[in-house]
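# Coordinate analysis (summary)
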Amino acid sequence: MRIPPYQNYFREMFVTLCLVLAIAGTGTAAHAAGDNPTTAALEEYFEFTEYSSSLIWPEQIPAQDWKNIFVIDARYAAQYTKEHIPGAVNIEWRQAVARRSEIPTDRMVVVYCNSGSLSAQAVLALRLLGMDNVKVLQDGIEGWKAKGGFEAHQRATKAAGH
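Residues numbered from 1 in each chain as written. Predicted model: local features only at pLDDT ≥ 70, side-chain atom pairs only at ≥ 80, totals over all residues. Heavy atoms only, no water.

## Quick notes on the pattern of salt bridges
Within this structure, the stated rule accounts for six salt bridges. Across the pair Glu-59 and Lys-147 runs a salt bridge, and its minimum N-O distance is 3.3 Å. In this pair, Glu-59 sits in the loop between β1 (55-56) and β2 (70-73) while Lys-147 sits in the loop between α6 (140-146) and α7 (152-159), placing the two residues 88 residues apart along the sequence. Given a relative accessible area of 24%, Lys-147 falls into the partly exposed group. Close ionic contact of Lys-145 with Glu-83 constitutes a salt bridge, the shortest N to O distance being 3.1 Å. With a gap of 62 residues between them, Lys-145 in helix α6 and Glu-83 in the loop between α4 (77-82) and β3 (89-90) connect regions that are remote in the sequence. Judged by relative accessible area, which is 32%, Glu-83 ranks as partly exposed. Taken together, the shared-partner salt bridges in this structure form one network comprising Glu-59, Asp-139 and Lys-147. (Salt bridge = Lys/Arg side-chain N within 4 Å of Asp/Glu carboxyl O. Helix = DSSP H or I, 4+ residues; strand = E, 2+ residues; numbered from the N terminus. Buried < 20%, exposed > 50% of the residue type's maximum accessible area, 1.4 Å probe, protein only.)

## Some remarks on the pairing of strand β4 (residues 109-112)
Taking every second residue as pointing to the same face, both faces of β4 are buried, with Val-109 and Val-111 on one and Val-110 and Tyr-112 on the other. As paired elements, β2 and β4 share four bridges and run parallel to each other. Bridge assignment links Phe-70 to a residue of β4, and that residue is Val-109. Where β4 and strand β5 (residues 134-137) come together, three bridges link them in parallel fashion. The residue bridging Val-110 from the neighbouring strand is Lys-135, located in β5. With respect to chirality, the unit in which β4 leads through helix α5 (residues 117-128) into the neighbouring parallel β5 is right-handed. (Pairing = 2+ DSSP bridges. Right-handed = clockwise from strand over helix to strand, strands pointing away.)

## Here we look at α5
Across its twelve residues, α5 extends 17 Å between first and last C-alpha, which sits within 8% of the 16 Å expected from 1.5 Å per residue. Among all positions of α5, only Ser-119, Ala-120, Gln-121, Ala-122, Val-123, Leu-124, Leu-126 and Arg-127 are buried. A positive backbone phi angle near 95° is found at Gly-130, which sits one or two residues after α5. (Expected span 1.5 Å × (residues − 1).)

## Quick word on the environment of Asn-90
Relative to the helices and strands, Asn-90 is located in strand β3. On the accessibility criterion, Asn-90 (17% relative accessible area) is buried. When sequence neighbours within four positions are dropped, the list of residues in contact with Asn-90 reads Asp-73, Arg-75, Tyr-76, Ala-77, Tyr-80 and Arg-99. Among the polar contacts listed, one links the side chain of Asn-90 to the backbone oxygen of Arg-75, at a separation of 2.9 Å. (Contact = heavy atoms within 4.5 Å. Polar contact = N/O pair within 3.5 Å; in protein donor to acceptor, adjacent residues only side chain to side chain.)

Purely spatial values, then, with no claim about function.
Rendered as structure tokens:
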């Protein structure tokens, strides 16, 4: 049985949130009471973020628009070397925050990994730091390839009869 994409996303975001909280918290009473800037930032983010604001599917990006997008491959360097979306820059997911000065804030940034789980962690961290232009490529490079790569939008539009 195939799990619907939105359930995978929520599961991945739950794991990401647990990791963020584990890194940020020490289990003290102050943390439990929410007297922590990290807790406040998380609460604010989740209060005001929209479900799809940090996601984008390959079908949503027309082929000609890819040249205007800063694409980050968040996988390990060896995976990037073996195969990547043309034009992508390799910033491993664990380095996204440390290398955020290399990431533009004036245009869309799409981050991907193999399936979307590691890139979701990087995107969550960057968005918590105020980079609202950063999105996860849903289903990662594998989904991108399966849906037609740069031609995913055209294929989806043609299949829908538009």
